[in-house]
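Coordinate inspection notes
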Amino acid sequence: MTSAASTPASPAFRTIDLRGHALGPAELRAAVPRLTAGDGTGVEQAVRGIIADVRARGFAALSELATKFDGVEQRHPRVPAEAISAALDTLDPAVRAALEESIARARAFAAAQVPADVTVHPADGASVTQRWVPVRRVGLYVPGGLAVYPSSVVMNVVPAQAAGVGSIALASPPQKENGGLPHPTILAAAALLGIDEVYAIGGAQAIVSFAYGIPAGTEGEHDGGGALAAIEPADVVTGPGNIFVATAKRLVKGVVGIDAEAGPTEIAVLADAGARPELVAADLISQAEHDPRAGSVLVTDSPQLAERVREQLAVLAERTKHRDRVVEALSGEQSGVVLVDDLAAGIAVCDAYAAEHLEIMTADAPAVAARIRNAGAVFVGDYSPVSLGDYCAGSNHVLPTSGTAAFSSGLNVTTFLRAIQVVDYSEAALRGVSAHIRSLSDAEDLPAHGDAVDARFAGA
């Protein structure tokens, strides 16, 4: 079902031909382009070592890790308030305006997501309420690496604020070229959102710092004014990152809540013969520029469109700034064209792939989008590219990857909320179900459950 198709000047954008094959969901999941899972033992061992070291030695370990990984000398990772203010003061006005628009749209969507408390009355004198309560504190991670992501500051902070979280801290890697502080655009975005607790900590060590907290200065550590200020532990840690960040989040899950173990970004485009090949190619490249391991997948019932897209990829890849990164991503096993018999088969492939980002470029795109069950976010028609969602749609771009959209959701307000159930029964209401409780407790051989109810009516 797989054949190679490339020209010397183009990415080796492979073809997976599923035409004429009646495949079930499991077979489709095995057939779609994905990175082969590597042996993560070495990464996990390294991350476990970082977790143990930071927990044992606190700020001393963070300082050594900043030197080792970032080339930065660091006594305490807290970013001074004046540095955050200065970053906003010197921010390019056009970037500031764009961030402000992104924040406004994200806030409108997040505010609409806040769920209402609900109460039902199963009987007279009986009520059951579901009450939504925000977590006390969250730690948000914004990566560095191949790009700068002020948009990720917006996407992480806004839903936490909409949920009513009272304590929000942010971490981003220190950068030698920025005097050991995170990138100034990251700091400026934090300032726009009113976040003043920012730490210059990168990678797995940022995750463990938020998960377990860092106690106030260990033996011998002083900043000239007494013990180093503690980093308080969080209840939820969110944000994307590399494989070390994702592994750290997996290892601390249970100590804190996490959003997801994010993998490399991915896009799928479901397109028919009427799609514009230059738009399809441009959108596939837009995600490929993130990471050499990013996935770009075209699902179509038109071999002619697939060939025209391949031609456009060759042209556009030569022009793009990050050509080498893009070509590597498009040539990888995680990318390619999936040929199908018809639109229904294409929808089945998309549901099996469960893309982080899914674009619909077909006739009657809204109706097709309504038939999709598995995707982090669905982008409908020619004028709703993934880039819109990355920055200014109002939606959240922190989305499930690697097929996990089949069972998980993107970052949203409920990530930072807990549903607490409140049960309030009167004496008469409890009496009305007491016989049922006795029957069920006896059936489960837990008679003390029934006894606890009967005790309330003894001698009555």
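The structure reproduced in this document is the subject of the present report. (Residues numbered from 1 in each chain as written. Predicted model: local features only at pLDDT ≥ 70, side-chain atom pairs only at ≥ 80, totals over all residues. Heavy atoms only, no water.)

Tallying secondary structure elements over the protein chain gives 17 helices and 15 strands in all. Each of the three principal axes of the protein chain carries a C-alpha extent, and together these read 90 × 65 × 45 Å. A total of 460 residues make up the protein chain; the buried ones form 47% of that total. Of the contacts made within the protein chain by residues no fewer than 6 positions apart, 72% connect residues no fewer than 24 positions apart. Here the protein chain holds 34 positive side-chain charges and 53 negative ones, and the gap between their average locations is 2 Å. (Helix = DSSP H or I, 4+ residues; strand = E, 2+ residues; numbered from the N terminus. Buried < 20%, exposed > 50% of the residue type's maximum accessible area, 1.4 Å probe, protein only. Contact = heavy atoms within 4.5 Å. Lys, Arg positive; Asp, Glu negative; His and termini not counted. Charge placed at Lys NZ, Arg CZ, Asp CG, Glu CD.)

Before going further, it helps to examine the sheet that holds strand E5 (residues 137-141). Here five strands make up an open sheet; going across it, the order is E7-E6-E5-E8-E9 and the pairing parallel. Each having just a single partner strand, strand E7 (198-200) and strand E9 (257-258) make up the two edges of the open sheet. Bridge analysis of E5 against strand E6 (residues 167-172) gives five bridges, and the strand direction is parallel. The residue bridging Tyr141 from the neighbouring strand is Ala171, located in E6. (Pairing = 2+ DSSP bridges.)

What follows covers the sheet that holds strand E3 (residues 118-123). With antiparallel pairing, the three strands of this open sheet are ordered in space as E3-E4-E15. Only two strands of the sheet have a single neighbouring strand rather than two, namely E3 and strand E15 (417-425). On average, each strand axis in the sheet is inclined to that of its neighbour by 20°, with strand direction left out of account. (Axes fitted to C-alpha atoms, helices over the stretch in contact; angles between N-to-C directions.)

We now examine the pairing of E3. Judged from the four bridges that link them, E3 and strand E4 (residues 126-134) form a sheet pairing that is antiparallel. Each bridged residue has a counterpart across the sheet, and for Val118 the counterpart in E4 is Gln130. From the end of E3 to the start of E4, which pair antiparallel, there are two residues, and Gly125 there has a positive phi angle of about 80°.

Evaluation of the coordinates by the stated rule reveals one aromatic pair. Both rings, one in Tyr199 and one in Phe210, keep their centres 6.4 Å apart while their planes meet at 70°; by these two values the pair is edge-to-face. Taken together, the residues Tyr199 in strand E7 and Phe210 in helix H8 (residues 203-212) connect sequence positions eleven residues apart. On the accessibility criterion, Tyr199 (1% relative accessible area) is buried. On the accessibility criterion, Phe210 (2% relative accessible area) is buried. One cation-aromatic arrangement involves Arg34 over Tyr353; the distance from NZ or CZ to the ring centre is 3.9 Å. Its guanidinium or amino end placed over the ring of Tyr212, Arg55 lies 3.8 Å from that ring's centre, counting from NZ or CZ. (Phe/Tyr/Trp six-rings, centres within 6.5 Å; stacked < 30°, edge-to-face > 60°. Lys NZ or Arg CZ within 6 Å of the ring centre and 35° of its normal.)

We now examine the environment of Arg431. Mapped onto the secondary structure, Arg431 falls in helix H16 (residues 427-443). On the accessibility criterion, Arg431 (40% relative accessible area) is partly exposed. Remark: the alpha-carbon pair of Arg431 and Glu328, spanning 103 residues in sequence, is separated by 69 Å.

Here Thr129 lies in strand E4. In this structure Thr129 comes out as buried when scored by relative accessible area, which is 18%. Side-chain polar atoms of Thr129 contact the side chain of Thr119, separated by 2.8 Å. (Polar contact = N/O pair within 3.5 Å; in protein donor to acceptor, adjacent residues only side chain to side chain.)

Take helix H9 (residues 243-252) next. For H9, a buried count of seven out of ten residues is recorded, marking the element as mostly surrounded by other parts of the structure. For H9, the set of buried residues is Val245, Ala246, Thr247, Ala248, Lys249, Leu251 and Val252. Where H9 is buried, its residues touch helix H2 (41-57), E5, H8, strand E8 (236-238) and E9. The N-cap of H9, judged by a side-chain oxygen 3.0 Å from the amide nitrogen of Phe244 a few residues on, is Asn242.

Attention now goes to the side chain of Gln287. On the secondary structure map, Gln287 appears in helix H10 (residues 277-288). Judged by its relative accessible area of 1%, Gln287 falls in the buried class. A distance of 3.0 Å separates the side chain of Gln287 from the side chain of Thr265, its partner in a polar contact. In this view, Gln287 contacts Thr265, Ile267, Ala294, Ser296, His357, Val386 and Asp390; residues no more than four positions away in its chain are not counted.

Opposite charge on two side chains permits pairing when their charged atoms draw close. Taken as a whole and assessed by the stated rule, the structure comprises 20 salt bridges. Across the pair Glu266 and Arg34 runs a salt bridge whose closest N-O atoms are separated by 3.0 Å. Taken together, the residues span a long stretch of sequence, with Glu266 in strand E10 (residues 266-271) and Arg34 in the loop between helix H1 (25-31) and H2 at a distance of 232 residues. For Glu266, a relative accessible area of 4% puts it in the buried group. Among the salt bridges present, the one from Glu101 reaches Arg105, with a minimum N-O distance of 2.7 Å. Pair noted here: Glu101 and Arg105 are both in helix H5 (residues 93-113), with a separation of four residues, about one helical turn. For Glu101, a relative accessible area of 37% translates into the label partly exposed. Taking relative accessible area as the criterion, Arg105 reaches 41% and is therefore assigned partly exposed. (Salt bridge = Lys/Arg side-chain N within 4 Å of Asp/Glu carboxyl O.)

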